[in-house]
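One letter stands for each residue in the lines below.
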Amino acid sequence: MTLVSAADLVRDAAAHNRGIGAFNVIHLETAEALVAASAQAHLPVILQISQNCAKYHGALEPIALATLAVARRAETPVAVHLDHAENPDLVDEAIDLGFGSVMFDGGALPYDENVALTREVATRAHVAGVYVEGELGEVGGKDGAHAPGVRTDPDEARAFVAETGVDALAVAVGSSHAMTDRSASLDIELIGRLRAALGVPLVLHGSSGVADAVIVDAVRAGMTKINVSTHLNGFFTRAVRQTLDADERLVDSRKYIAPGRAAIVDEAARMLRLFALQGPESPASDTASDMASDSRGA
């Protein structure tokens, strides 16, 4: 297998009432670990590059080309997706670079502006054959539509999808970005109502803060694309810290980055199986995670 479009992965998962993991790339080692996790689980994965990740690397192109190269060499189906792009120009650049899907995040805008701009972005993307994820919700600080108290209204969501033409919708059902404990409470009943009201797959951002059993309930209720960043960043960082603490003489960064990369693999594979409803919930680290997280990651 090789690079595929997230459209195929998300639609297939939705058709079979399963979830698909969408994990944020922070640097090359993350992408390598996530592809290895996909191979271990024998399941597809979506690699996400956020606007903040592009900013960290100085531009989208360097990290995008590296991630696309890793995806093309994968043994399993792997998609590369632009996550939380608030700048339409970045969406256009991602399309030119070969991304098969993009998320335009107009969630911080007033509803009418969000509709108008998302529609423009979706129209251009569809001409290029690119799958588009939108976001609907009111501003709630850094978390936007994913502040804990914000909820997406099914009627408004139906109208938003019809007016914008998006292929998938990130909805607010109780999760929040960058949580370091897994205590978020999701509105499972609302997820079911949104799934019934909309003709497009639902996306859960902020899934790092959601316990395994609750994610399983959300998938069964109709959630399809499950975004994770902070939770996996914690595994990476703890492994790096442990390695450095064990040997103060280490100076070769490969010696401590490699354990961080390896630490992601097993947990990401476990989560892919969990989202695909392939096994019972198994305990992951529910304690506060020390991480150098993508500041707009899940």
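To start, this report covers the structure provided alongside it. (Residues numbered from 1 in each chain as written. Predicted model: local features only at pLDDT ≥ 70, side-chain atom pairs only at ≥ 80, totals over all residues. Heavy atoms only, no water.)

Next up on the list: the environment of Ala 197. With respect to the helices, strands and loops of the structure, Ala 197 is situated in helix α8 (residues 188-197). For the pair formed by Ala 197 and Ala 157, sequence separation is 40 residues and the distance between their alpha carbons is 8.1 Å. Beyond its immediate sequence surroundings of up to four residues, Ala 197 is in contact with Pro 154 and Arg 158. (Helix = DSSP H or I, 4+ residues; strand = E, 2+ residues; numbered from the N terminus. Contact = heavy atoms within 4.5 Å.)

A few words on the packing of helix α9 (residues 212-221) against helix α11 (residues 253-275). With their axes 9 Å apart at the nearest point, α9 and α11 run at an angle of 40° to one another. Relative to α11, the element α9 lies oblique. The segment α9 lies against α11, with Asp 212, Ile 215, Val 216 and Val 219 engaging Arg 270, Leu 274 and Phe 275. Residue composition of the contact of α9 with α11, grouped by class: 5 nonpolar, no polar and 2 charged. (Axes fitted to C-alpha atoms, helices over the stretch in contact; angles between N-to-C directions. Parallel < 35°, antiparallel > 145°, perpendicular 65-115°, else oblique. Nonpolar A, V, L, I, M, F, W, Y, C, P; charged D, E, K, R; others polar.)

It is worth spelling out the pairing of strand β4 (residues 78-85) at this point. Burial analysis of β4 places 8 of its 8 residues in the buried class, the great majority of the element. The pairing of strand β1 (residues 3-4) with β4 spans 2 bridges and is classified as parallel. The residue bridging Val 4 from the neighbouring strand is Ala 79, located in β4. Where strand β3 (residues 45-50) lies against β4, 6 bridges are found, and the strand directions are parallel. The residue bridging Leu 47 from the neighbouring strand is Val 80, located in β4. Direction of pairing for β4 relative to strand β5 (residues 101-104): parallel, over a ladder of 3 bridges. Note on β5: the bridge partner recorded for Ala 85 is Phe 104. With helix α5 (residues 88-97) bridging β4 and its parallel neighbour β5, the resulting β-α-β unit is right-handed. (Buried < 20%, exposed > 50% of the residue type's maximum accessible area, 1.4 Å probe, protein only. Pairing = 2+ DSSP bridges. Right-handed = clockwise from strand over helix to strand, strands pointing away.)

What follows is about the side chain of Asp 83. With respect to the secondary-structure elements, Asp 83 resides in strand β4. A distance of 3.4 Å separates a polar atom in the side chain of Asp 83 from a polar atom in the side chain of Asn 24. Setting aside chain neighbours within four positions, we find Asp 83 in contact with Asn 24, Gln 48, Ile 49, Ser 50, Gln 51, Met 103, His 205 and Asn 227. (Polar contact = N/O pair within 3.5 Å; in protein donor to acceptor, adjacent residues only side chain to side chain.)

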